[in-house]
Amino acid sequence: MRARRTIDLFARRDECPSARLEQSLPTRGHERASGPGERSPRPAAPQPQVARGNATPPAGRAARAAATELWLGLHLAGAAGRCAPQGLQRLAIRALRFTPRVSLVPPDGLLLEVHASLRLFGGVEGLQRALRRECADLAIAGSLAFAPTPLAALAAARGECAVVLQDAARLIGSLAPLPLRVLRWPQEVLDRLAAIGVRTIGQVLRLPRAGFAQRFGANRLADLDRLTGRAPDPRERFEAPVRFRCRRELPCESGSHGQLLAALAPLIEALGRFLEARQCGVLALECRLWHRRAEPTRCVLRLADPLADAVRLTELLGERLRMLTLPEPAHACELRAGEPVPRALCSSGLWQSGEHGGLPEARGSAFIERLRARLGPEAVQGLAVVPDHRPEAAWRVTEPGACAPSAIASGEFAAARPVWLLPVPRPLRQRGGLPRYRGALRLGSEPERIETGWWDGRDIERDYYEAVDVYGRRLWLFRERAAPHRWFLQGVFA
Amino acid sequence: MSADPPGCGAMPSDPPHGRAARLEDLLAHPLLWRAGHAARQPVWSSGFARLDEALPGGGWPRSGLIEVLPVRFGVGELKLLLPALAALTTRPEARWSAWVAPPLLPFTPALLAAGIDLSRLLIVRAQGKECLWALEQALGSGACDSGLAWARHALPRQIRRLHLAAQRGRTLGVLFRPRASAREASAAMLRLVVEPLERGVRVTLLKSRGGARGALDLTWGGTYPGARGCP
């Protein structure tokens with residue numbers, strides 16, 4: 001097999017434009033010696049066989065598809081590449097005006113299929129100019145390349161080889177001098193290829209297919225096939241995020257919350273229809289009220305679950321508006337919704353919640369949202385147990401209902417624990433070494449020792465006592481075992 | 001004290017007399033309200049047999065507001081409710097148990113030891129007027145089985161609102177207020193004063209719609225945390 005050097009990556013030699021060069025190379029050793037520059041973009045003679053390559057159907061189909069596509073690859077360079085996601089997405093949104101077929105290649109690549117847009121935007125040059133202007137607007141530096149396949153366009157852009165290649169036949173010839181790193185293969189693969197003297201795309205394309213797949217994986221071969229257009233390369237289309245935003249002038253200036261809510265009602269209704277049509281909900285909603293002189297008042301509503309119900313949105317927004325103090329009457333209002341989030345639709349139950357078989361969650365989240373809208377998001381919480389022997393660390397705050405049911409069996413708490421805990425222990429006055437809390441305390445007999453906690457720096461050494469105060473309340477006290485032996489109140493058994 | 005509310009308890013044992021049967025038909029008319037009406041409401045068992053006997057209907061009302069007036073915070077008024085709350089939160093169709101403005105932090109290991117399902121517990125932090133508003137939301141929303149609130153001041157009309165909300169949402173509402181507010185009028189179904197005893201509490205029913213008033217002493221069971229280690 002080694003002897004048959006002519007078994008090529010390409011089934012038919014005439015498909016490979018650089019085949020002519022290769023034929024003149026006597027040995028592999030010579031091949032290694034020749035630098036990439038030597039074999040550079042000599043545009044191979046137009047090869048009509050490519051277009052009518054019916055002998056190999058898959059390649060032929062891909063070639064025909066490639067002939068009707070022209071991809072523009074954009075590689076964001078340097079600093080812009082680092083602050084990528086937002087920059088890339090903003091550029092993609094702007095690029096949507098050139099073509100609907102825009103794909104993101106995170107972290108720093110963008111692909112546009114521009115074949116159908118060339119005439120409108122003044123050909124390749126016009127398009128290039130327009131896109132560079134968009135890049136300059138966003139302060140993004142990038143390099144552009146045109147090629148019939150997406151991967152080739154991207155590779156050329158990454159290699160900063162500003163090729164404009166509309167002819168599929170000349171594709172491989174133009175790509176041949178590009179270094180292999182533009183394909184973004186793992187470094188280990190690149191090192192192994194470099195060890196056998198393969199540093200450019202042209203060189204790797206000349207390796208035997210079967211052996212290449214065996215040694216470097218079928219995925220790499222598939223990459224090469226997509227690069228050259230032998231295999232189709234479908235790309236996911238970028239969809240610009242759609243958000244709801246609507247503004248309305250009030251019939252007259254108003255500062256009363258009822259009138260504002262009435263003015264917002266049609267906007268909320270429109271938002272509800274907008275979300276209903278997309279089967280989405282919103283998690284955040286902003287209402288802006290515009291004043292004649294003062295800065296616009298902003299009122300942000302955050303929701304626990306994706307919500308699309310206009311009635312409930314009105315209710316929640318009403319609670320928020322009621323809490324708002326306006327600097328002066330508003331003359332316009334605007335509603336801006338956050339990103340629509342897919343919402344699971346469920347059929348409503350026959351029974352009401354609480355009845356036999358009713359779903360407990362059905363109205364639970366609505367109630368929590370109403371409380372949160374008025375009292376703030378931190379005001380409604382659940383509690384959970386943390387398996388820790390120190391009282392301060394034995395609990396934590398959770399989302400309502402997030403606590404896994406019976407994470408710890410109730411039998412594990414053999415020792416008595418108070419129902420009420422003081423989050424911060426309160427120091428007690430002493431008389432004759434005994435603690436006092438609004439009078440004398442009667443101490444229980446046997447102390448319970450709770451200590452250690454060196455692993456998180458909150459080390460404790462305490463003897464816990466139960467005590468009864470003058471009012472007959474049972475308290476939970478502790479005495480520090482360290483030097484001052486201070487007494488603290490930490491809980492109330494109620 | 002008698003557990004039988006006057007007017008309804010003796011009826012079934014009456015002989016099937018024609019005149020009495022006609023009277024019973026008349027009394028069953030929905031527009032007729034009787035003093036023992038509350039006794040027929042569904043209830044939750046309080047978990048204490050003696051207390052169940054004393055309460056109208058045999059337990060805490062399922063929907064409606066009750067007022068608990070401890071002489072001091074922490075004398076055992078919450079312990080009185082824990083068995084019922086444990087039973088409420090561990091039902092398969094349990095709704096929330098909302099605790100509005102608790103004065104201290106409810107200590108989860110103790111609640112778990114009392115048998116409460118923590119995943120049904122909702123702690124609402126509210127101050128001043130917001131406390132009663134939040135309780136009214138909890139009671140009226142229909143999303144809660146029980147709503148507890150610790151409030152210092154409440155006007156009679158606010159308590160009436162809370163009671164109506166609790167009936168609307170089929171929720172047990174519990175309002176903890178200081179002992180001093182026993183003088184004020186209240187629309188709550190039950191009002192009870194809680195005083196500490198050596199190993200239990202004395203519960204005095206100030207108002208009990210459809211039940212008898214009076215005092216009774218309850219002793220905590222031996223397994224109860226806090227019963228141990230006291231001299």
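Residues numbered from 1 in each chain as written. Chains lettered and ligands numbered in written order. Predicted model: local features only at pLDDT ≥ 70, side-chain atom pairs only at ≥ 80, totals over all residues.

J.: Before we go on, may I ask you to explain the overall build of chain B in this structure?
T.: A tally of helices and strands in chain B yields six helices and 11 strands. For chain B, with 231 residues in total, the buried portion stands at 50%. Intrachain contacts of chain B at a sequence separation of at least 6 include 68% that bridge at least 24 residues. (Helix = DSSP H or I, 4+ residues; strand = E, 2+ residues; numbered from the N terminus. Buried ≥ 20, exposed ≤ 12 C-beta atoms within 10 Å, placed from the backbone. Contact = placed C-beta atoms within 7 Å.)

J.: I keep staring at unusual backbone geometry and nothing clicks. Help me out?
T.: Leaving glycine aside, a negative phi is the common case for residues, and trans is the common case for peptide bonds. Residue and element names in this part refer to chain A. A positive phi angle is found at Ala139, which is not glycine, with a value near 55°. In this fold, Ala139 is placed in the loop between helix H7 (123-137) and strand E4 (142-147). C-beta crowding within 10 Å serves as the criterion here: with 10 such atoms nearby, Ala139 is assigned to the exposed category. The backbone phi angle of Arg184 is positive, close to 60°, even though this residue is not glycine. Here Arg184 is to be found in the loop between helix H9 (171-175) and helix H10 (187-195). What makes Arg184 partly exposed here is the crowd of 13 C-beta atoms within 10 Å.

J.: Explanation requested: the confidence of the model for chain A in the structure shown.
T.: Detailed conclusions should not be drawn from predicted coordinates in areas where pLDDT is low. With 78% of its residues at a pLDDT of 70 or more, chain A has an overall mean of 77. Note on residues 1-66 of chain A: pLDDT under 50 across the span, and 86 contacts to partners over four residues away in sequence or across chains. (pLDDT = per-residue confidence, 0-100.)

J.: Please explain the sheet that holds strand E8 (residues 172-176) of chain B as it appears in this structure.
T.: Pairing in this open sheet of 10 strands is mixed, and the strands run E11(A)-E10(A)-E6(B)-E4(B)-E7(B)-E8(B)-E3(B)-E9(B)-E10(B)-E11(B) from one edge to the other. The open sheet has two edge strands with one neighbour each: strand E11 (395-398) of chain A together with strand E11 (214-219) of chain B. In this sheet, adjacent strand axes meet at a mean angle of 25° when their direction is disregarded. In this sheet, strand E6 (residues 121-124) of chain B lies alongside strand E4 (residues 96-100) of chain B in parallel orientation, the contact comprising four bridges. When the bridges of E6(B) are listed, Trp99(B) appears paired with Ile123(B). In the packing of helix H6 (residues 156-168) of chain B onto the sheet, the strands contacted are strand E3 (64-70) and E8 of chain B, and the crossing angle to E3(B) comes to about 130°. (Pairing = 2+ DSSP bridges. Axes fitted to C-alpha atoms, helices over the stretch in contact; angles between N-to-C directions.)

J.: Whenever I open this one, the nonpolar core confuses me. Can you help?
T.: Across soluble globular proteins, nonpolar side chains have a tendency to be buried as a group. Val100(B), Val124(B) and Ala149(B) are the most contacted members of the largest nonpolar core, which totals 92 residues. In terms of residues, this core owes the most to one element, helix H5 (residues 129-140) of chain B, which gives six residues. If we ignore the near neighbours within four places in the chain, the residues touching Val100(B) are Val124(B), Ala126(B), Cys131(B), Ala134(B), Leu135(B), Ala138(B), Gly147(B), Leu148(B) and Ala149(B). Counting residues in hydrophobic clusters, the runner-up holds 55 residues, among them Leu76(A), Leu165(A), Leu205(A) and Leu207(A). (Core = buried A, V, L, I, M, F, W, Y, C linked by C-beta atoms within 7 Å.)

J.: Any chance you could explain the sheet that holds E4(A) here in plain terms?
T.: Each strand in a sheet pairs with its neighbour through backbone hydrogen bonds, running either in the same direction (parallel) or in the opposite one (antiparallel). All names here are of chain A. Spatially, the four strands line up as an open sheet ordered E2-E3-E1-E4, and their pairing is antiparallel. Because the sheet does not close on itself, it has two edges, and the strands there are strand E2 (102-105) and E4. Each strand axis lies, on average, 20° off the axis of its neighbour in the sheet, ignoring direction. Where strand E1 (residues 71-76) and E4 come together, six bridges link them in antiparallel fashion. Within E4, the residue paired with Leu72 across the bridge is Phe146.

J.: Teacher, can you tell me more about the pairing of E6(B) here?
T.: Note on strand geometry: in a regular strand, side chains alternate between the two faces of the sheet. Bridge count between strand E10 (residues 380-385) of chain A and E6(B): two bridges; the pairing is antiparallel. Among the inter-strand pairings, Gln381(A) is bridged to a residue of E6(B), identified as Ile123(B).

J.: Is there a simple way to explain helix H3 (residues 82-89) of chain B in this structure?
T.: Structural remark: α-helix, 3.6 residues per turn; residues separated by three or four positions point the same way. All names here are of chain B. Most of H3 sits out of view: six of its eight residues are buried. What H3 keeps buried is the set Leu82, Pro83, Ala84, Leu85, Leu88 and Thr89. On its buried face, H3 sits against strand E1 (43-44), strand E2 (60-61), E4 and strand E7 (144-150).

J.: Before we go on, may I ask you to explain the packing of H5(B) against H6(B) in this structure?
T.: Helix packing for two helices is described by the angle between their axes and how far apart those axes are. Residue and element names in this part refer to chain B. Two numbers describe how H5 lies on H6: the axes approach to 7 Å, and their chain directions differ by 25°. Accordingly, the angle class assigned to the pair H5 and H6 is roughly parallel. Where H5 approaches H6, its residues Leu132, Leu135, Glu136, Leu139 and Gly140 are matched on the opposing element by Gln158, Arg161, Leu162, Ala165, Ala166 and Arg168. Considered class by class, the residues forming the contact of H5 with H6 number six nonpolar, two polar and three charged. (Parallel < 35°, antiparallel > 145°, perpendicular 65-115°, else oblique. Nonpolar A, V, L, I, M, F, W, Y, C, P; charged D, E, K, R; others polar.)

J.: What exactly am I supposed to notice about the confidence of the model for chain B here?
T.: All names here are of chain B. Averaged over chain B, the pLDDT score is 82; the fraction of residues at 70 or greater is 82%. Across chain B, the secondary-structure element scoring lowest on mean pLDDT is helix H1 (residues 18-27), at 73, and the one scoring highest is E8, at 95. Here residues 1-15 is modelled with pLDDT under 50, and outside its nearest four sequence neighbours on either side it reaches 22 contacts, counting other chains as well. Within the model, the stretch residues 223-231 combines pLDDT values under 50 with 24 contacts to residues more than four positions away or in other chains. For this predicted complex, the interface confidence comes out at an ipTM of 0.80, alongside a pTM of 0.58.

J.: Quick question: what am I supposed to make of the environment of Trp60(B) here?
T.: Residue and element names in this part refer to chain B. When you line up the elements, Trp60 lands in strand E2. Judged by C-beta crowding, with 25 C-beta atoms within 10 Å, Trp60 ranks as buried. Note: C-alpha distance between Trp60 and Ser46 (14 residues apart in sequence) is 6.1 Å. Every residue in contact with Trp60, bar those within four places of it in the chain, is listed here: Val43, Trp44, Ser46, Leu55, Ile66, Ala84 and Leu172.

J.: Quick question: what am I supposed to make of the packing of helix H12 (residues 209-216) of chain A against helix H13 (residues 218-228) of chain A here?
T.: All names here are of chain A. With their axes 6 Å apart at the nearest point, H12 and H13 run at an angle of 130° to one another. If you check the angle between H12 and H13, you find them oblique. Judged by residue contacts, Arg209, Phe212, Ala213 and Phe216 of H12 engage Ala218, Arg220 and Leu221 from H13. In terms of residue class, the contact of H12 with H13 is built from five nonpolar, no polar and two charged.

J.: Would you mind showing me how to read the environment of Ala284(A) here?
T.: All names here are of chain A. Relative to the elements of secondary structure, Ala284 occurs in strand E6 (residues 280-291). Taking the C-beta count within 10 Å as the criterion, Ala284 has 13 such neighbours and is therefore assigned partly exposed. Each C-alpha atom, one on Ala284 and one on Glu339, is 7.8 Å from the other, the two residues being 55 residues apart in sequence. Residue contacts for Ala284: discarding those within four places in its chain leaves Val300, Leu301, Arg302 and Gly338.

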